[in-house]
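A closer look at the structure
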Amino acid sequence: HYGAFERPNGRMDMKVAENGVAAMASCYQKFDPAAYLQYNYTPPRADFERKDSIVPWKLACLHRAFTEGDVSGELLVDIGSGPTLYQVLSGCEVFNKVLLTDFLEVNRQELKRWLQAEGGSLDWTPYLQHVCKLEGRREKAAKLRQVISDILPIDVHRPQPLAPGALPSAGADCLVSCFCLESVSPDLAAFTRALGHIQKLLRPNGHLLLIGALGESYYFGGPGVKIPVVPLNEAQVCASLQQSGFTLIRLEVYTLPEDMRVGVDDVTGVFFVKARKDYGLA
Ligand SMILES: C[S@@+](CC[C@H](N)C(=O)[O-])C[C@H]1O[C@@H](n2cnc3c(N)ncnc32)[C@H](O)[C@@H]1O
Ligand SMILES: O=[N+]([O-])c1ccc2c(c1)CN[C@@H](CO)C2
């Protein structure tokens, strides 16, 4: 009747917890950035002509969150960027320094290739154009390349996910993280711990913009690369945020229409959270 690795005295058996995290890490050795982009960032899931496509919904949530006036500062950090850039397209106009991060070298390389204008596995032009239209701008690529100052290794299961000195002592002014924590954690407890680890990267009163999967138990990170996911519901997301020292500002949910279920995962919905690191009470 104890949790998976709880002991009578409540002390968590770190060994079992670490095994779960190690198992996830080995799954990711086979992650294929090009396939992942193909599965999730091309039509129908990324169809800018469709009102009910997932990617335009995510971009609209991020655009509103970054531009409604309460988010500001110097440094924006994207947690678990993967091979994608969409998550900082609005933020790059609000912050003058953006750090991208990922666990895998193959993803960091994919991002570097785009930054150095050496092409990449996906053409981000339609994304840049879509967000420019939302913002009434004509140009974004140059700005994006100018503000992205580094692409760093990260492990959200470590109490200190980034290398020492990666962030200023005050922390980041804003964090964004999309489809990372639930996709890299062996269970809900690990998901909540990881949320606590990234909370510490944020300055007091800094904002977190979190996008994630609801009701998802697996996804394909490449042909035959089936990666387990912690199936979350809205209540669990809210509880984990609260347990990790965040104050919820807004939660929005997108439910996938049938034709967005294309066989690359069993996700049923997507959540968008805007939250704030608890006001420093002491
Ligand atoms: C589902 S992908 C999300 C990518 C991207 N943020 C997006 O919105 O599509 C999950 C990402 O988490 C990264 N990852 C895996 N293990 C991790 C860990 N322990 N800490 C941080 N990121 C990790 C993977 O390399 C992968 O890029
Ligand atoms: O539709 N989308 O925009 C989209 C983008 C990325 C991901 C999903 C859906 C669902 N699976 C997660 C991995 O757990 C990754």
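Below is a short write-up of the structure. Sequence order as written defines the numbering, with residues in each chain counted from 1. Whichever chain is written first becomes A and whichever ligand is written first becomes 1, with later ones labelled in order. Selection of residues for local features in this predicted model requires a pLDDT of at least 70, selection of side-chain atom pairs for listing and counting requires 80 or more, and totals for whole chains, interfaces and linings are taken over all residues. Computation of side-chain values covers all heavy atoms of the structure but excludes hydrogens and water.

Some thoughts on the side chain of aspartate 102
Along the chain, aspartate 102 turns up in strand 2 (residues 97–102). The buried label applies to any residue whose accessible area, calculated with a 1.4 Å probe on protein chains only, is under 20% of its type's maximum; exposed applies above 50%, and partly exposed to all values in between. Counted as positive: Lys and Arg. Counted as negative: Asp and Glu, with His and the chain ends omitted from the count. Within this document, salt bridges are pairs made up of a side-chain nitrogen of Lys or Arg and a carboxyl oxygen of Asp or Glu, the two lying within 4 Å of each other. For the buried residue aspartate 102, which engages in no salt bridge, the nearest side chain bearing the opposite charge is arginine 108, 5.8 Å off. The contact definition used throughout considers only heavy atoms, calling two residues in contact when any of these lie within 4.5 Å. Setting aside residues no more than four positions away along its own chain, aspartate 102 makes contact with Gly80, Ser81, Gly82, Asn107, Arg108, Leu152, Pro153 and Ile154. For helices the rule is a DSSP run of H or I covering at least 4 residues; for strands it is a run of E covering at least 2, with both sets numbered from the N terminus onward.

A word on helix 3 (residues 54–67)
An expected span of 1.5 Å times one less than the residue number is assigned to each helix. In this model helix 3 runs 20 Å from its N-terminal to its C-terminal C-alpha over 14 residues, within 8% of the 20 Å that 1.5 Å per residue would give. Those residues of helix 3 that fall on the buried side of the exposure criterion are Ile54, Val55, Pro56, Trp57, Lys58, Leu59, Cys61, Leu62, His63, Ala65 and Phe66. Phi turns positive one or two residues past the end of helix 3, at glycine 69, with a value near 110°.

Side note on helix 5 (residues 125–135)
An α-helical turn contains 3.6 residues, so any two residues separated by three or four positions project in the same direction. Taken as a whole, helix 5 has its buried residues at Tyr127, Leu128, His130, Val131, Cys132 and Glu135. Buried-residue contacts for helix 5 involve helix 3, helix 4 (105–115) and helix 6 (141–147). Taken from the residues just after helix 5, glycine 136 is the one with a positive phi, measuring 65°.

Quick look at the environment of aspartate 47
Assignment of secondary structure puts aspartate 47 in the loop between helix 2 (33–40) and helix 3. Separated by 80 residues in the primary sequence, aspartate 47 and tyrosine 127 place their C-alpha atoms 9.9 Å from one another. Excluding residues within four positions of it along the chain, aspartate 47 makes contact with Ser53 and Pro56. As used in this structure description, the phrase polar contact means that two N or O atoms lie within 3.5 Å; if the pair is within protein, one of them must be able to donate a hydrogen and the other to accept it, and residues adjacent in sequence are counted only when both atoms belong to side chains. Reaching out from aspartate 47, the side chain makes a polar contact with the backbone nitrogen of glutamate 49 at a distance of 2.8 Å.

With respect to the packing of aromatic side chains
Ring pairs are drawn from Phe, Tyr and Trp, using the six-membered ring of Trp, whenever the two centres fall within 6.5 Å, and their geometry is named by plane angle: stacked under 30 degrees, edge-to-face over 60, tilted for the rest. Counted according to the given criterion, the structure contains eleven aromatic pairs. For the pair tyrosine 28 and phenylalanine 31, a centre-to-centre distance of 5.8 Å together with 35° between the ring planes defines the contact as tilted. Centroid distance phenylalanine 31 to tyrosine 36: 5.1 Å. Interplanar angle 45°. Geometry classified as tilted. Like phenylalanine 31, the residue tyrosine 36 is buried in the burial classification. Clustering of aromatic rings is evident, with ring pairs tying together Tyr28, Phe31, Tyr36, Tyr41, Phe48, Tyr86, Trp124, Tyr127 and Tyr219. Geometry around tryptophan 114 places arginine 145 over its ring, the cationic atom sitting 3.9 Å from the centre. Think of it as a cone above the ring: NZ of Lys or CZ of Arg counts as a charge over the ring if it is within 6 Å of the ring centre and within 35 degrees of the ring normal. Its end group placed over the ring of tyrosine 218, lysine 226 keeps NZ or CZ at 4.3 Å from the ring centre.

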